[in-house]
Amino acid sequence: MTRFAPRVFSGVQPTGNLHLGNYLGAIVRFVEMQETHDCIYCVVDMHAITVWQDPAELTRATREVTAAFLAAGIDPVAHIVFNQSQVHVHAELAWVFNCVARMGWLNRMTQFKEKAGKDRENASVGLFAYPNLMAADILAYLATHVPVGEDQKQHLELARDIAAKFNHDFAESIAANGYGEEFFPITEPLITGPATRVMSLRDGTRKMSKSDPSDYSRINLTDDAEAIALKLRKAKTDPEPLPSETDGLKGRAEAENLVGIYAALAGETKEAVLRDYGGAQFSNFKPALADLAVAKLAPIAGEMRRLLADPGHIDAVLVDGADRASEIAMKTMDGVKDVIGFIRKK
Ligand code: TYM
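Note that this is a predicted model, so its numbers are computed, not measured.

**A few points about the overall build of the chain**
Along the backbone of the chain there are 14 helices and 5 strands. Here the C-alpha radius of gyration of the chain, 21 Å, is about what a compact globule of 346 residues would show, namely 20 Å. Seen through its C-alpha atoms, the chain measures out along the principal axes to roughly 70 × 45 × 45 Å. Across the 346 residues of the chain, 50% fall into the buried class. If you take every contact in the chain between residues at least 6 apart in sequence, the share linking residues at least 24 apart comes to 76%. Entry remark: accessible area of the chain is about 16200 Å², with carbon and sulfur atoms responsible for 53%. Between the mean site of the 38 positive side-chain charges and the mean site of the 46 negative ones, the chain shows a separation of 3 Å.

**Structural notes on the side chain of Asn167**
With respect to the helices and strands, Asn167 occurs in helix α8 (residues 153-169). Only 2.9 Å separates the side chain of Asn167 from the backbone nitrogen of Phe183, close enough to count as a polar contact. Apart from the residues lying within four places of it in its own chain, the contact partners of Asn167 are Ile174, Glu182, Phe183, Phe184 and Ile186.

**A look at the site of the ligand**
As a matter of local geometry, the ligand sits amid 28 residues, with Gln13, Tyr130, Asp137, Asp151 and Val198 nearest to it. The contact in question runs from a nitrogen atom of the ligand to an N or O atom on the side chain of Asp137, over 2.6 Å. Backbone polar atom of Val198 to a nitrogen atom of the ligand: 2.8 Å apart, as the coordinates give it. Protein contacts shield 97% of the accessible area of the ligand, which totals 710 Å² for the unbound molecule. Mapped onto the shell around the ligand, the elements with two or more residues apiece are β1 (7-12), α1 (20-33) and α7 (125-139). Split by residue class, the shell around the ligand holds 12 nonpolar, 11 polar and 5 charged.

**As for the pattern of salt bridges**
Counted by the stated rule, this structure contains 21 salt bridges. The partner of Lys337 in a salt bridge is Glu92, and the shortest N-O contact between them spans 3.1 Å. Taken as a pair, Lys337 in helix α14 (residues 311-340) and Glu92 in helix α4 (residues 89-98) lie far apart in primary sequence, 245 residues in all. Lys337 gets classed as partly exposed once you look at its relative accessible area, which sits at 21%. Asp238 serves as the salt-bridge partner of Arg252, at 2.7 Å between the closest nitrogen and oxygen. Within this pair, whereas Arg252 is found in the loop between α10 (225-234) and α11 (253-266), its partner Asp238 is found in the loop between α10 and α11, the two being separated by 14 residues in sequence. By relative accessible area, Arg252 is classed as buried at 13%.

About the cut-offs
Residues numbered from 1 in each chain as written. Predicted model: local features only at pLDDT ≥ 70, side-chain atom pairs only at ≥ 80, totals over all residues. Heavy atoms only, no water. Helix = DSSP H or I, 4+ residues; strand = E, 2+ residues; numbered from the N terminus. Rg over C-alpha atoms; globule rule 2.2 N^0.38 Å. Buried < 20%, exposed > 50% of the residue type's maximum accessible area, 1.4 Å probe, protein only. Contact = heavy atoms within 4.5 Å. Areas by Shrake-Rupley, 256 points an atom, 1.4 Å probe, with all protein chains shown as cover. Lys, Arg positive; Asp, Glu negative; His and termini not counted. Charge placed at Lys NZ, Arg CZ, Asp CG, Glu CD. Polar contact = N/O pair within 3.5 Å; in protein donor to acceptor, adjacent residues only side chain to side chain. Near = heavy atom within 4 Å. Nonpolar A, V, L, I, M, F, W, Y, C, P; charged D, E, K, R; others polar. Salt bridge = Lys/Arg side-chain N within 4 Å of Asp/Glu carboxyl O.

Read these as geometric descriptors, not functional statements.
Right, here's the structure in full:
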């Protein structure tokens, strides 16, 4: 018997524009998980400031991610939606995890290496410790399942290592405090579906990303129908027609990416898409993909615009979510303090 009820947690950074990768790799999955699990979805503004953010832009982007959650179909009443900085346990537990995680573990994080680039000496300490804060996000709620895109896999493995080391290092105290064998769950990453790694429209070997200087590399959630169609028309492809089976996509990164995007938008598998479009030229497939993308994304963009016209409502949703999140997280933090041996008010 585990003491951990199934619970989903995931987060999205309010930096730059949300794109199709965030939507298909994460937000669509967040919406699905609501049917079967209690879900907590967080706009991780404290992660965002590990690199410089303009304050007004950070506020705007926090509301925009929240609006995207709501517009996509996340229910902030049945579940919880909030911004990270409103729940102080995230910072508090991250400090404990700074003392659990090892320098060697963090030194292996590929995302830090990518983001810090050549100038590591000048990266913020927060950027280095970023995965510890992420572990705190998840474990403050004793979350058992975390839906994410492929690029977060290594961070989630680190969160599992932190939970296991805490459980191990404090085993006696955990048992003495009545928590049995494990204080923290060993969280399951959920990285599934046809779009766990949506690639750039300009280069099928690079991930679609907020930080790509070319806006043609990505479809933003707020792009209008014309921009979506134009970007897909200009998307890099090869001269061959589409294959009839997924094996034929091997070595054709751009073709594989567009088929994956179609499948994810249509709620189908890549196999099913190729059954319909095998043998088709890109000149036929791209307009069909553009129509599908516009049909799926335009209503979300419209709803986001409507929600963003009333920032007071969005802020109220975040405050309400933060109140409910705090209640859960503070209970975990009290347990952590008892297990570590910190004196606290009871
Ligand atoms: P972030 O804000 O970079 O991305 C949010 C989510 O979108 C997914 N994603 C993609 N999926 C498919 N294809 C892509 N090209 C693509 N680009 C992004 C990401 O995998 C992610 O699921 N560190 C996290 C935020 C975070 C978090 C957490 C996630 C903070 N705490 C706790 C889970 C649990 C991040 O920067 O995601």
